[in-house]
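Chain by chain, the residues run as shown.
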There are 4 protein chains.
Amino acid sequence: MHVIIDICVVPIGVGVSVSPHVAACQKVIGEAGLEHRLHAYGTNVEGPWDEVMAVVKRCHEVVHDMGAPRITTTMKISTRTDRVQHLDEKVASVTARTPERD
Amino acid sequence: MHVIIDICVVPIGVGVSVSPHVAACQKVIGEAGLEHRLHAYGTNVEGPWDEVMAVVKRCHEVVHDMGAPRITTTMKISTRTDRVQHLDEKVASVTARTPERD
Amino acid sequence: MHVIIDICVVPIGVGVSVSPHVAACQKVIGEAGLEHRLHAYGTNVEGPWDEVMAVVKRCHEVVHDMGAPRITTTMKISTRTDRVQHLDEKVASVTARTPERD
Amino acid sequence: MHVIIDICVVPIGVGVSVSPHVAACQKVIGEAGLEHRLHAYGTNVEGPWDEVMAVVKRCHEVVHDMGAPRITTTMKISTRTDRVQHLDEKVASVTARTPERD
């Protein structure tokens, strides 16, 4: 089962700056060899279900290892059986319908 | 790693009523023997990481099997290393601080 | 436009315990006179769109006033034009379809 | 109060393809003159709280007007009092800490 997720990992109890933890998650995702796109409020990741979810677990492990006593993650998960869709296609399917100014 | 999640599975392409699909997910969660609480916009589930995530995957499989060509799930994931916390404690920690009228 | 939301306000930079801030939000929601249900990973609130969103804004203001320099909130928003649905009906529509064990 | 949101509007009861509705929301956001970035699982928007939330409401109105009887939106909301942060800075604060391969 192919999956596209959007994930935002928030460490709690490490102060105001969370970018080191988010960068560590980017490293985990990158090392897994999965397609991904960082945006200003999370990261899109796509791939086989088990591989993607293993990365999510590894992110929690790594962020705890960095000293965060608590993590709250927000995630969206998209699967479809009618066809496989990739990250860039999802964006393209919308922009193709959007007037130029956007 | 103990985890508390909040999950809301939304089948797309099955019409306006999604309660049969949500009920099927409740059945999956119940059969897994995990602590869970249904609310009006999702379900809290707690347990060991791998068991909880196996249930999430099973929900997607079951809802696709019911005919939904597309699913979008929203999920929050909470882990902590300072102590294990259970569903009812999380609610109690807030209500203990809330005036009676609420 | 009637709306049902699920809201989870997470203060960042205030340490590990966030229950005082969540309790303050419960107070804001309760004082607004809106139907609401606390669960282990958020709160369901229903009412007219503008009233509900005013409460969301007030929660951010109050939590900042308590000293949180940063907040990340996760929210789901449900509207429908086919009929008005209330919090307890949403739960009932699922439990009516769920075997007794759940 | 300056806010950054991530919003994903999901129409229910309109079939499998939701890109026309997402494109309509992009148009609403673009016409409001707010900074925004589309990604594969939502859109980042930033601006003054009331302007951003007015856009969220307008998206629901427009998608209902297109015939969707039901909408479920997932949204994250970030505010901070320590400093104003913009969309591209949030991405840059992470990528500056991420090894080249990502």
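Residues numbered from 1 in each chain as written. Chains lettered and ligands numbered in written order. Predicted model: local features only at pLDDT ≥ 70, side-chain atom pairs only at ≥ 80, totals over all residues. Heavy atoms only, no water.

### A look at the overall build of chain A
Inference 1: From N to C terminus, chain A includes 3 helices and 4 strands.
Inference 2: Walking chain A from its N terminus toward its C terminus, one meets helices and strands in the order β-α-β-β-α-β-α.
Inference 3: Oriented by its inertia axes, the alpha-carbon framework of chain A measures out at about 45 × 35 × 20 Å.
Inference 4: Counting over 102 residues, chain A shows a buried share of 58%.
Inference 5: Sequence separation of at least 24 residues holds for 72% of the intrachain contacts in chain A that already meet a minimum separation of 6. (Helix = DSSP H or I, 4+ residues; strand = E, 2+ residues; numbered from the N terminus. Buried < 20%, exposed > 50% of the residue type's maximum accessible area, 1.4 Å probe, protein only. Contact = heavy atoms within 4.5 Å.)

### Some words on the relation of the copies chain A and chain D
Copy one and copy two of the chain differ by a rotation about an axis and a translation along that axis.
Inference 1: After a rotation of 180 degrees and a shift along the axis of 0.0 Å, chain A superposes on chain D with an RMSD of 0.0 Å. Both copies are brought into coincidence by an operation consistent with a two-fold rotation axis. Minimal C-alpha distance to the rotation axis in chain A is attained by His39(A), lying at 3.6 Å.
Inference 2: Comparing contact sets, 100% of the residues at the interface of chain A also lie at the interface in chain D, consistent with an isologous, same-surface contact. (Least-squares fit on C-alpha atoms with pLDDT ≥ 70 in both.)

### What about the side chain of Ser19(A)?
Inference 1: Secondary-structure assignment places Ser19(A) in helix α1 (residues 19–31).
Inference 2: Overall, Ser19(A) belongs to the buried group, its relative accessible area being 11%.
Inference 3: Residues in contact with Ser19(A), not counting those within four places in the same chain, are Ser93(D), Val94(D) and Arg97(D).

### Topic: the interface of chain C and chain A
Inference 1: The interface of chain C with chain A comprises 13 residues on the first partner and 13 residues on the second.
Inference 2: Interface of chain C and chain A: buried area, both sides summed, is about 990 Å²; carbon and sulfur atoms make up 63% of it.
Inference 3: Its largest share of buried area at the contact with chain A, chain C owes to Ile12(C), Val16(C) and Arg70(C), together 39% of the area lost on that side.
Inference 4: Along the contact surface separating chain C from chain A lie 0 salt bridges. (Buried area = accessible area lost by both parts, 1.4 Å probe. Salt bridge = Lys/Arg side-chain N within 4 Å of Asp/Glu carboxyl O.)

### A look at the sheet that holds strand β1 (residues 2–12) of chain B
Inference 1: Strand order in the open sheet formed by 8 strands is β2(A)-β3(A)-β1(A)-β4(A)-β4(B)-β1(B)-β3(B)-β2(B), and the pairing between neighbours is antiparallel. Because the sheet does not close on itself, it has two edges, and the strands there are β2 (35–39) of chain A together with β2 (35–39) of chain B. Strand-to-strand twist across the sheet, computed as the mean angle between neighbouring axes with direction ignored, equals 20 degrees.
Inference 2: Relative to strand β3 (residues 42–48) of chain B, β1(B) runs antiparallel, the two sharing 6 bridges. Within β3(B), the residue paired with Val3(B) across the bridge is Gly47(B).
Inference 3: Running at roughly 160 degrees to β2(B), helix α1 (residues 19–31) of chain B makes contact with β1, β2 and β3 of chain B of the sheet. (Pairing = 2+ DSSP bridges. Axes fitted to C-alpha atoms, helices over the stretch in contact; angles between N-to-C directions.)

### Considering the relation of the copies chain C and chain A
Inference 1: Expressed as a screw operation, the relation of chain C to chain A combines 0.0 Å of axial shift with a rotation of 180 degrees, fitting to an RMSD of 0.0 Å.
Inference 2: In this assembly, 100% of the residues forming the interface of chain C have copies in chain A that are likewise at the interface, indicating an isologous arrangement.

### Things to note about the sheet that holds strand β2 (residues 35–39) of chain C
Inference 1: Spatially, 8 strands are ordered β2(C)-β3(C)-β1(C)-β4(C)-β4(D)-β1(D)-β3(D)-β2(D) in an open sheet, and the strand pairing comes out antiparallel. Unpaired on one side and paired on the other, β2 of chain C together with β2 (35–39) of chain D mark the two borders of the sheet. Ignoring which end each strand starts from, the neighbouring axes of this sheet average 20 degrees apart.
Inference 2: Across the sheet, helix α1 (residues 19–31) of chain C lies against β1 (2–12), β2 and β3 (42–48) of chain C, angled at about 160 degrees from β2(C), the strand it touches most.

### Considering helix α2 (residues 49–65) of chain B
Inference 1: In this model, α2(B) (17 residues) spans 24 Å end to end at C-alpha, consistent with the 24 Å of a helix rising 1.5 Å per residue.
Inference 2: Turning to α2(B), its buried residues number three or more, namely Trp49(B), Val52(B), Met53(B), Val55(B), Val56(B), Cys59(B), His60(B), Val62(B), Val63(B) and His64(B).
Inference 3: The inward-facing, buried residues of α2(B) abut α2 (49–65) and β4 (70–80) of chain A together with β1, α1, β3 and β4 (70–80) of chain B.
Inference 4: With its phi angle positive at about 110 degrees, Gly67(B) sits one or two positions after the end of α2(B). (Expected span 1.5 Å × (residues − 1).)

### A word on the interface of chain A and chain D
Many analyses report the size of an interface as the accessible area lost when the parts associate.
Inference 1: Counting residues at the interface gives 36 residues for chain A and 36 residues for chain D.
Inference 2: Each partner contributes to the roughly 2,900 Å² buried at the junction of chain A and chain D, and carbon and sulfur atoms together form 65% of this total.
Inference 3: The three residues of chain A that bury the most area against chain D are Ala40(A), Tyr41(A) and Lys76(A), which together make up 24% of that side's buried surface.
Inference 4: Where the side of chain A that touches chain D is concerned, the elements lending two or more residues are β1 (2–12), α1, β2, β4 and α3 (87–95) of chain A.
Inference 5: Looking at the side of chain A that touches chain D residue by residue, the classes come out as 15 nonpolar, 11 polar and 10 charged. (Nonpolar A, V, L, I, M, F, W, Y, C, P; charged D, E, K, R; others polar.)

### What about the pairing of β2(A)?
Inference 1: Summarising the sheet, β2(A) and strand β3 (residues 42–48) of chain A pair through 5 bridges and their orientation is antiparallel. From the neighbouring strand, Glu35(A) faces β3(A), where its bridge partner is Glu46(A).

### Side note on the pattern of salt bridges
Inference 1: Evaluated as defined, the whole model comprises 32 salt bridges over all chains.
Inference 2: Among the ionic pairs, Glu35(A) bridges to Arg37(A), the shortest N-O distance being 3.2 Å.
Inference 3: Of the charged contacts, one joins Asp88(C) and Arg37(C) as a salt bridge, the two residues approaching to 2.9 Å between their closest N and O atoms. With Asp88(C) in helix α3 (residues 87–95) and Arg37(C) in strand β2, this residue pair connects regions lying 51 residues apart in the sequence.

### Quick notes on the environment of Ala24(B)
Residues and elements named next belong to chain B.
Inference 1: Tracing the chain through its elements places Ala24 in helix α1.
Inference 2: Take Ala24: its relative accessible area is 14%, and that puts it in the buried class.
Inference 3: Residues Ala24 and Val62, 38 residues apart in the sequence, show an inter-C-alpha distance of 7.3 Å.
Inference 4: The contact partners of Ala24, leaving out residues within four places of it in the chain, are Val62 and Met66.

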